[in-house]
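Residues per chain are reported as follows:
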Amino acid sequence: VLCVILHIVNGKRRREILELRKQIVDFSDVYCVSSVGCITKVDSAVNTFEDLQNQIVCCSQGTNYEMMIEDIPGATLKTYQGQAAVGTAVAEATDNVVAGLTSINGAKKLATTMLDADGTPMLKYFALDGAQADEYCMAFPKGSELVSVFNEGIQALKDSGKLDEMIQYWLY
């Protein structure tokens, strides 16, 4: 059972929703921590988390990256509909955007597929050290007996090394 929880409900801020959803669902143990990826133009001087201060930074609407950007001193948040739109905004400096945040896998995909007319990459990417990484877990209906079953399965995958193998294959 996969529960999909809306991140914005009745105009509430994401931070409120994160707390509210804990009241209506139970979460499994964390099974994956993903690095945060940053994309910038190839010739950009932005290379670190600190370089994002006082810059216009974008992400996909409705993601945890919104909160992360809001916490960067002086940064201005811009959101777009989907990862491809984030890549385009950075490549074309839409709204004066200088960087975009996404998963490290998403950043890599954007940087290797967004090419100019000559086939040259328009974007570079890097893992954003100093940024809180995404933690992945599964949501279950409140009180579900499946939480412990899922956690046992995840632990078995961790113990065998298979979980790390799958994470490297699918996320990096």
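Before reading on, note that the structure itself is shown above.
We now turn to the structure provided with this report. (Residues numbered from 1 in each chain as written. Predicted model: local features only at pLDDT ≥ 70, side-chain atom pairs only at ≥ 80, totals over all residues. Heavy atoms only, no water.)

## Description of the packing of helix α3 (residues 83–92) against helix α4 (residues 104–113)
Across the interface, α3 lies against α4 with an axial gap of 10 Å and an inter-helix angle of 55°. By the angle between their directions, the pair α3 and α4 is classed as oblique. Considering the relative orientation of α3 and α4, their crossing is right-handed. Where α3 approaches α4, its residues Q83, A84 and G87 are matched on the opposing element by G106, K109 and L110. Considered class by class, the residues forming the contact of α3 with α4 number two nonpolar, three polar and one charged. (Axes fitted to C-alpha atoms, helices over the stretch in contact; angles between N-to-C directions. Helix = DSSP H or I, 4+ residues; strand = E, 2+ residues; numbered from the N terminus. Parallel < 35°, antiparallel > 145°, perpendicular 65-115°, else oblique. Left-handed = near helix turned anticlockwise from the far one by under 90°. Contact = heavy atoms within 4.5 Å. Nonpolar A, V, L, I, M, F, W, Y, C, P; charged D, E, K, R; others polar.)

## Notes on the sheet that holds strand β4 (residues 56–60)
Strand pairing in a sheet takes place through backbone hydrogen bonds and is either antiparallel or parallel in direction. Strand order in the open sheet formed by five strands is β5-β4-β6-β3-β7, and the pairing between neighbours is mixed. Both edges of this open sheet fall to β5 (76–80) and β7 (123–127), since each of them pairs with a single strand only. Geometrically, the sheet is characterised by an average inter-axis angle of 30° between neighbouring strands, direction not taken into account. Contacts from α4 reach β3 (36–41), β6 (99–103) and β7, with the element oriented near 160° to β7. (Pairing = 2+ DSSP bridges.)

## Thoughts on the packing of aromatic side chains
What the rule picks out here adds up to two aromatic pairs. Grouped by ring-pair contacts, the aromatic residues Y31, F140 and F150 constitute a single cluster. (Phe/Tyr/Trp six-rings, centres within 6.5 Å; stacked < 30°, edge-to-face > 60°.)

## Looking at unusual backbone geometry
Residue A93 is not a glycine yet carries a positive backbone phi of 55°. One can find A93 in the loop between α3 and β6. Overall, A93 belongs to the partly exposed group, its relative accessible area being 28%. Of note in the backbone geometry, N96 takes a positive phi value of approximately 65° without being a glycine. Position of N96 relative to the elements: it lies in the loop between α3 and β6. (Buried < 20%, exposed > 50% of the residue type's maximum accessible area, 1.4 Å probe, protein only.)

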